[in-house]
Amino acid sequence: GGPCIIDHEAEVRHCAFIRGSALVGDNCVVGNSVELKNVILFDNVQTPHYNYVGDSILGYRAHMGAGSITSNVKSDKSLIVVHATGESLETGLKKFGAMLGDFVEVGCNSVLNPGTVIGRESNVYPLSSVRGVVPARHIYKSGGAVVPKR
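Residues numbered from 1 in each chain as written. Predicted model: local features only at pLDDT ≥ 70, side-chain atom pairs only at ≥ 80, totals over all residues. Heavy atoms only, no water.

Glancing now at the environment of Asn51. Here Asn51 shows up in the loop between β6 (46-49) and β7 (52-58). By relative accessible area, which is 2% here, Asn51 ends up buried. The spacing of Asn51 and Ile6 is 45 residues in sequence and 18 Å in space, taken between C-alpha atoms. Aside from chain neighbours lying at most four places away, what touches Asn51 is Ser33, Val34, Glu35, Met64, Gly65, Ala66, Gly67 and Ser68. In terms of polar contacts, Asn51 uses its side chain to reach the backbone carbonyl oxygen of Gly65, at 2.9 Å. (Helix = DSSP H or I, 4+ residues; strand = E, 2+ residues; numbered from the N terminus. Buried < 20%, exposed > 50% of the residue type's maximum accessible area, 1.4 Å probe, protein only. Contact = heavy atoms within 4.5 Å. Polar contact = N/O pair within 3.5 Å; in protein donor to acceptor, adjacent residues only side chain to side chain.)

Shown next as structure tokens:
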């Protein structure tokens, strides 16, 4: 299904699977065994290997470490709610992955749970299970601790 738009100099490597609507920006990497579904990848995004990115938006120069995924459906199939400090935003959607700001780095084998929003220039430690909102210029550490960058 489409539309599928792949911009100049984007690399789509072997065994990549693109389905649904996809907008892949200039100089992006859609790597080995990566699956994209209903996504927007801004310029210079890297999903280099073994990533699943579904119903998500990845900002300029965002990078998904090996094996990291955006989970886009809750296990109970209920509607997705984005939970921020002190407030919740109902999306009205059954499928909604993650939104990553510009320059976000996601560590290897991390899971971004449905409705995750990560602010620009933030980092996620490897093997994390992220839920909710990570503010801009913060680090999401093991065990869910979120600390500002220095």
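Once the structure has been displayed, the description carries forward.
We now examine the pairing of strand β4 (residues 29-32). For strand β2 (residues 11-12) and β4, the ladder comprises two bridges, and the chain directions are parallel. By the bridge assignment, Val12 is partnered in β4 with Val30. Note that β4 and β6 share three bridges and pair parallel. Note on β6: the bridge partner recorded for Val30 is Thr47. (Pairing = 2+ DSSP bridges.)

Take the side chain of Thr70 next. Secondary-structure assignment places Thr70 in strand β9 (residues 69-70). Relative accessible area serves as the criterion here: at 0%, Thr70 is assigned to the buried category. Among the polar contacts made by the side chain of Thr70, one reaches the main-chain amide nitrogen of Gly54 at a distance of 2.9 Å. When neighbours within four sequence positions are excluded, Thr70 is seen to be in contact with Tyr52, Val53, Gly54, Ser56, Met64, Ala98 and Leu112.

Pairing between strand β10 (residues 81-84) and strand β11 (residues 87-90): four bridges, direction antiparallel. Paired with His83 across the strands is Ser88, a residue of β11. Linking β10 back to β11 in an antiparallel pair, the connection comprises two residues, with Gly86 at a positive phi of about 80°.

Mapped onto the elements, Gly2 comes out in the segment before β1 (4-6). Here the alpha-carbon distance between Gly2 and Leu23, two residues 21 residues apart in the chain, equals 9.7 Å. Once residues lying within four places of it in the same chain are set aside, the contact partners of Gly2 are Gly20 and Ser21.

Right, let's get into the packing of aromatic side chains. Tallying each qualifying case throughout the model produces one aromatic pair. Measuring from centroid to centroid gives 5.5 Å for Tyr60 and Phe103, while their planes differ by 85°, and the two rings are edge-to-face. With Tyr60 in the loop between β7 and β8 (63-64) and Phe103 in the loop between β12 (98-100) and β13 (105-106), this residue pair connects regions lying 43 residues apart in the sequence. (Phe/Tyr/Trp six-rings, centres within 6.5 Å; stacked < 30°, edge-to-face > 60°.)

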